[in-house]
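Structure at a glance
Now for the letters of each chain:
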Amino acid sequence: MKRIGIFVCHCGTNISGTLDIERIVQEIARFPEVVYAVDYKYMCSDPGQKLIREHVAEDRLDAVIVAACSPAMHESTFRRTAESVGVNPYQTEIANIREQASWVHQKQQEAATNKAIEAIRTIVAKVHYNQSLTPYYLPLVKRALVIGGGIAGLQAALDVADAGYPVVLVEKADHLGGRMAELSGLYLNMDGAQDHLRQKIEAVVNHPNIQVLTRAEVAEAGGYVGNFVIKVEQREEGQALSEGVGQALSEGVGEALSEGVGEALSEGVGEALSEGVGEAAAGGPVPYTFDIGAIVVATGFDLYDKGRLGEYGGGRYPDVIDGLQLEEMLRPDGPTGGQIRRPSDGQVPREIAWIQCAGSRDPELHMPYCSKVCCMYVAKQAMAYKQQVPDGQATVFYIDIRSQGKGYEEFVQRAMEEHDVLYVRGKASKVWQEGGADDTGPGRVVVWGVDTLTGLPVEVQADLVVLATATVPRAGAQELGQRLHASTDEHGFFSEAHPKLRPVESLTAGVYLAGAAQFPKDIPETVAQASGAASKVLSLFSQRQMVQEPTIAYVDPELCSGCGLCIPACPYEARTMHDWQHIAVVNTALCQGCAACTMVCPNKACQVRNLTHQQILSMMEAYL
Ligand SMILES: Cc1cc2nc3c(=O)[nH]c(=O)nc-3n(C[C@H](O)[C@H](O)[C@H](O)COP(=O)(O)OP(=O)(O)OC[C@H]3O[C@@H](n4cnc5c(N)ncnc54)[C@H](O)[C@@H]3O)c2cc1C
Ligand code: SF4
Ligand code: SF4
Ligand code: SF4
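It should be emphasised that the depicted structure is a prediction, and the values quoted were computed from it without experimental measurement. (Residues numbered from 1 in each chain as written. Chains lettered and ligands numbered in written order. Predicted model: local features only at pLDDT ≥ 70, side-chain atom pairs only at ≥ 80, totals over all residues.)

**Re helix H6 (residues 151-162)**
Filter applied, for reference: Helix and strand labels come from DSSP, where a helix needs a run of H or I of at least four residues and a strand needs a run of E of at least two; each type is numbered from the N terminus. Multiplying 1.5 Å by the helix residue count minus one yields the expected span of that helix. Burial is judged by counting other C-beta atoms within 10 Å of a residue's own C-beta: 20 or more means buried, 12 or fewer means exposed, and anything between counts as partly exposed, with every C-beta placed from the backbone. Any pair of residues counts as being in contact when their C-beta atoms, constructed from backbone geometry, are within 7 Å of one another.
Taking 1.5 Å per residue as the helical rise, H6 with its 12 residues ought to reach 16 Å, and the 16 Å between its terminal C-alpha atoms agrees with that figure. Of all 12 residues that make up H6, 11 are buried, and the element is covered over most of its length. Residues of H6 that are buried: Ile-151, Ala-152, Gly-153, Leu-154, Gln-155, Ala-156, Ala-157, Leu-158, Asp-159, Val-160 and Ala-161. On its buried side, H6 packs onto strand E6 (144-147), strand E7 (167-170), helix H7 (193-205), strand E10 (210-213), strand E14 (294-297) and helix H14 (523-541). The positive-phi residue at the C-terminal boundary of H6 is Gly-164, with phi of around 100°.

**Observations regarding the pairing of strand E12 (residues 227-234)**
Applicable threshold: Only strands that DSSP links by at least two bridges are regarded as paired with each other.
Alternating residues of E12 divide into Phe-228, Ile-230, Val-232 and Gln-234, all buried, and Asn-227, Val-229, Lys-231 and Glu-233, none buried. Here strand E11 (residues 216-224) pairs with E12 via eight bridges, running antiparallel. Of the residues in E12, the one forming a bridge with Ala-221 is Ile-230. The hairpin turn running from E11 into E12, its antiparallel successor, is two residues long, and Gly-226 in that turn takes a positive phi close to 85°. Relative to strand E13 (residues 286-292), E12 runs antiparallel, the two being bridged by seven bridges.

**Description of the site of ligand 2**
For clarity, the threshold we go by: In this text, near has one meaning. A residue is near a molecule or strand if its C-beta atom, placed using the backbone, is within 6 Å of it. All residues other than Ala, Val, Leu, Ile, Met, Phe, Trp, Tyr, Cys, Pro, Asp, Glu, Lys and Arg, Gly among them, are scored as polar; the first ten of these are nonpolar and the last four charged.
By nearness alone, every residue bordering ligand 2 is listed as Gln-356, Cys-357, Ser-360, Arg-361, Cys-370, Ser-371, Lys-372, Cys-374, Cys-375, Arg-402 and Ala-468. Sorting the residues of the shell around ligand 2 by element identifies strand E17 (351-358) and helix H11 (374-388) as the ones contributing at least two each. Looking at the shell around ligand 2 residue by residue, the class counts come to five nonpolar, three polar and three charged.

**Digging into the site of ligand 1**
Rules: Per the annotation, domain bounds derive from an automatic or database assignment of domains.
Around ligand 1, the surrounding shell holds 40 residues, and the nearest of these are Gly-148, Gly-150, Gly-178, Gly-300 and Gly-515. Among the elements of the structure, H6, strand E15 (301-303), helix H10 (323-330), H11 and H14 are those that each provide at least two residues to the shell around ligand 1. Here the shell around ligand 1 gathers at least three residues from each of two domains, domain 2 (144-300 + 474-541) and domain 3 (305-471).

Structure below.
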């Protein structure tokens, strides 16, 4: 017999506003093995947790049930609380009476109260069979891999390396910096992107704990959190690391920094390097193999191919360009020395029209989502143009302005009020260039649309049209995701484990996300997320060993017939056949306890600890 204590939380009025707490406590106090039942306003507060501790001691409880919010919120809190007074953490369970009762049945108070009582009854039935378990401890390699050397990857690498851990930074291109290396001034104060970037790149390439591999990509990935084995291939045969790092800076960003980087490798990094260099194959890319504990994916974004925006003349007319092409012109080290010029004839444009949401927010033809950065960079570019050509005309076609961020709204207002940028509310419907189709040379570019505020058609004759094209995932992101077993969404961006509660984690343990690889983001947001991803890596590395939950699958060798049905059923590739016995085995490190394998096993040979068939049946019996 167990001695179970049940603690019912009001969650302010989140639960008590709908459920009859008094009746719940009366009813559950009568359940078998329940020796104590009480309610409290906020169980997760300090006094709430103190109540648990006091009654574990006073009533000699060996199991605790907290009837409260989802286990995703506070299961670990309550397990720690009960453990602090000697209750095995796997003898503490949550009955979710908030998300599954009070919130979803606000208008049926009596029925919701009954449902909560039944939910608690089933958890009591489960707890009856719960075993006291101890977590597994697995080895942990404290070296991080960062994939992508844009601002997200640079920041994540620096944060991890500054904490004293070796980092391998793999960048596909021949230089670091990503898209930021292509930008001119940055909103809000037009400070030079290259100055900020240069500082970050210098810090990275000179960092004793960071090994940079440019022109390199992840070719294979195996293993699991704490123990990944990553194969990287670097293009160009025989290219020494210091050379690669020397070229890590694009021409635009600054001069080479090869000096010192070779010696600057820490012990860990040195080992990691030597592992791979020895394997260099003649004639092909240079292969490296690294043991890695955690991975940060920071592969960034591409712009939607403007050639697919035929209605806006994208890819058809030389004087219809995208946002990055204009950034290139605006960069002091760009081909026009920072001056905006019409590509067709090199003339200063007297009028420029920007078309926002070009390919974004268009579920029928293009991408359905908002690309998030374009409202802001269009305002920035329009201001930069007006500063260069004060009597020029800047016109922006927009659907609505989405400028979320500190000072962002005011920045767009400044473009309108102080720089006379004309904002036309309405989607441009057609763009064509006069004289472009024959030998008369390119004429003006005509943008035709409707002003949705006045309902009147608008025609703008511009010298240059800038399409604020949609932001899409980098080419190859999906293939990389498959290699890492990290899922991507329907558009190809890397999926976070939970949009609210785990925004920097992927669904694969040990793989974290940073920057525009996850969804369009500007630089401040990218840097914040990169530091968030790095802090997840550091919290993993702060452990002496990898701790794995014991509530995972196991195979009873007496019952397993070796049919192998459970192997493809496992979404985490945690199941294989034993090397020489004809039975299935579970990889402790990979298993997430999802129980998919238990559903397909015809022999009931496979069970999940503390969620056994016996427990599920007893919960159903308790309910019926
Ligand atoms: C026209 C324009 C103007 C902008 N202006 C501003 C501005 O003024 N202010 C602002 O805050 N933001 C601005 N932004 C947004 C800014 O560019 C992004 O926030 C930022 O670049 C995101 O950084 P990132 O590191 O996530 O991605 P990226 O900059 O795209 O970097 C990703 C890196 O990963 C590498 N990579 C990709 N795949 C792989 C792979 N498989 N293996 C290895 N490496 C890989 C890429 O080569 C690249 O170096 C602008 C964007 C655009 C399009
Ligand atoms: S950020 Fe602005 S321009 Fe870009 S897709 Fe969203 S609403 Fe359109
Ligand atoms: S419980 Fe889920 S993750 Fe674990 S072995 Fe079974 S199917 Fe795979
Ligand atoms: S499905 Fe069941 S019986 Fe078949 S191999 Fe897997 S554990 Fe063994």
